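The residues making up each chain are set out below.
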Amino acid sequence: MKKHFFISTAIDYPNARPHIGHAYEKIVADVIARFKRLQGFNVHFSTGTDEHGLKIQRCAEREGKTPKEFVDGMSQHFKEMCKELGISYDDFIRTTEKRHEKVAQAVFKKLWNKKEIYKDRYKGPYCVECETFYSKEDLIDGKCPVHKKELDFVDEENYFFKMSKYRDKLVEHIKKNKNFIIPEPKRIEILNRLKERLKDLSVSRTSFKWGIPVPIDEKHVQYVWLDALLNYISTIDYPDGENFKKFWPADVHLIGKDIVWHHTVIWGSILMALGLQLPKTVMVHGFITVEGQKMSKSLGNVVDPLALIDKYGPDVVRYYLLNEIPTFEDGDFSEARLIEKTNNELIANFGNFVYRVLSFLKANFDSKIPKHGELVKEDKALLAKVEKTKEAVCKAMEDYKLQDAIRAVFELSAEGNRYFQKKEPWATIKSDKRDCATALYVSVNVVRALATLFWPFLPFACERLWKQLKLEAVDGELGKQLFEDVEKLTLKPGHVIGDIEPLFKKIEG
Ligand code: MSP
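A brief report on the enclosed structure follows. Predicted, not measured: the structure shown is a model, and the values here were computed from it. (Residues numbered from 1 in each chain as written. Predicted model: local features only at pLDDT ≥ 70, side-chain atom pairs only at ≥ 80, totals over all residues. Heavy atoms only, no water.)

### Details of the nonpolar core
Let me state the cut-off plainly: Among buried residues, those of type Ala, Val, Leu, Ile, Met, Phe, Trp, Tyr and Cys that are joined through side-chain atoms within 4.5 Å constitute a nonpolar core. The rule is simple: take the accessible area with a 1.4 Å probe, protein chains only, and divide by the maximum for that residue type; under 20% is buried, over 50% is exposed, in between is partly exposed. Secondary structure counts use DSSP, requiring at least four H or I residues in a row for a helix and at least two E residues in a row for a strand, with both numbered from the N terminus.
Counting 102 residues, the largest nonpolar core has L321, F350 and L469 as its most contacted members. With 13 residues, the single largest contributor to this core is helix α17 (residues 433-453). By size, the runner-up hydrophobic cluster in this structure holds 65 residues, among which are L54, V107, Y166 and L274.

So this is what it looks like as structure tokens:
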């Protein structure tokens, strides 16, 4: 039976257009999803938009639109970003969709029936930006500890979820399951926060209307975080769908560092109250700064991923973010560095190697892979490096260290370049045609391996390369076959490659 793998990203607030941080998270998830598919997993990859709440309502009002009109327009930008970046999601879920609202209401009712929810009065500060309630002790100078802005004061009847009673169970779960929160410092952070008393959670609002109605009391709408977290089970048709049976518990919830509490403590206790298993891993990636500064509208330094893709193409953006930013740490975005790295690494290392090998094959062997001579030590060593690279990539991907994985593939490409340079086929074509043929046979098979190993990271370029190598005939499951069956799918003498052109264009200026 096929193994199943469920990875989700956070669902973004479509209160403004997507920024580079949103794009980065989707790219990381996409690489993991593609890699798992190569390994033969049946993957469910979900992403989407988180469309309710006061923040969205206020943004819509400012634009003179109804909240629904506003999110209908805005969520399209997020979808478009995914399309342009090659994000291979299986589901793009919007929390305003009926299928989601149905689940959110059913869950509320279930928790109410199980007496996990009760009604009480709530008085206290609320940050609209975070869509989060704070207690007085949480505030810094009376302001939101995250946004440093004034808070709204709320005094109203609320429904409360009995989160406090799950504290001990959560601590036990987090201590026992070392991979529940990665990386380790985030796990420790949450354990430390759980040393304090855990309060019950207000899960409804009456002060605004833009939310999913509470099924037992239509004056209330659901707290946006309860609504949002439930996307992880509505995307797989909770409670009775086939996908729910196959894919729950999720393997990875990929999120940024500002929402770890919501995904571990709030979501964990809700799942416990529902009698469901917790996700296997909440994976916390770093935050992107821009030229050393936090991204913000007021600083005017928000990087628009769509504009970037337009200018440089999706693979360049993917390559830069994946190679530059350690998966679990913060990283910086700089356009100058993107240009430098693209020209000096992506093109000089990978692009040039591929083009040198394939154009030599075309010019000197009629595009046909030649019969090689006996493979000697250095030929065998390079072909063995293909296997070793595959192992290194698998290991790095098992730990979700994408930067290590992509760098390992680049090392193979660099090794291929060095080999080609050393073998001097342009000289041996005249002096020792057999040796030249061997060098070409080995090099072109390294190119073929790169076309597969790079695919999760650089899907557009690699699919072009598959075509250039005339590998498309193998059919839709091509990547997986190439990955699993390195030996069988080695390009054999006699194979004729297709039309070639450079994979990337040098960025001028
Ligand atoms: N809507 C909530 C998530 C609900 S998930 C059930 C939300 N939305 S968000 O639009 O503010 O953020 C979406 C994701 O992008 C989060 O994982 C967040 O951490 C991440 N990022 C936001 N800014 C970021 C950077 N500057 N860099 C990297 N990721 C960033 O939170």
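### Description of the sheet that holds strand β9 (residues 204-205)
Just so we agree on the cut-off: One bridge is not enough; two strands pair if DSSP finds at least two bridges between them.
In spatial order, the strands read β9-β11-β10; together these 3 strands make up an open sheet with antiparallel pairing. Each edge of the open sheet carries a strand with a single partner, namely β9 and β10 (213-214). Pairing geometry for β10 and strand β11 (residues 217-222), over 2 bridges, is antiparallel. Paired with P213 across the two strands is V221, which belongs to β11.

### Quick look at helix α14 (residues 377-398)
Counted only if it meets this: Each residue after the first adds 1.5 Å to the expected span of a helix.
Taking 1.5 Å of rise per residue, the 22 residues of α14 would be expected to cover 32 Å, and the 31 Å separating its terminal C-alpha atoms lies within 8% of that figure. Every buried residue of α14 is accounted for by D379, L382, V386, T389, K390, V393, C394, A396 and M397. Looking at the residues trailing α14, positive phi occurs at Y400, about 55°.

### Focus: the site of the ligand
Heads up, the rule is: The cutoff for a nearby residue is simple: one of its non-hydrogen atoms must lie within 4 Å of the molecule or strand. In protein, a polar contact means a hydrogen-donor-capable atom and an acceptor-capable atom, both N or O and within 3.5 Å, with residues adjacent in sequence counting only if both atoms are side-chain atoms; elsewhere, any N or O pair within 3.5 Å suffices. Only the protein chains shown count as cover for residues, and the accessible areas themselves come from Shrake-Rupley with a 1.4 Å probe.
Contacts to the ligand come from 24 residues, most closely from I11, E25, D50, D258 and I288. Y13 places a main-chain nitrogen or oxygen 3.0 Å from an oxygen atom of the ligand. Contacts to the ligand include D258, whose side-chain N or O atom sits 2.6 Å from an oxygen atom. Coverage of the ligand by the protein amounts to 93% of the 660 Å² it exposes when considered alone. Mapped by element, the contributors of at least two residues to the shell around the ligand are α1 (20-38), α7 (224-229), α8 (231-234) and β12 (252-256).

### What about the pattern of salt bridges?
Two side chains of opposite charge can pair, provided their charged atoms sit close to one another. Put simply, the rule is: The term salt bridge refers to a pairing of a side-chain nitrogen on Lys or Arg with a carboxyl oxygen on Asp or Glu at a separation within 4 Å.
Under the criterion given, the structure shown has 39 salt bridges. For R337, the salt bridge is made with E340, and the minimal N-O distance between the two is 3.6 Å. With R337 and E340 both in helix α13 (residues 335-365) and 3 residues apart, the pair spans about one turn of that helix. Its relative accessible area of 32% is what places R337 among the partly exposed residues. When the shortest N-O distance is used, the salt bridge between E411 and R418 registers 3.0 Å.

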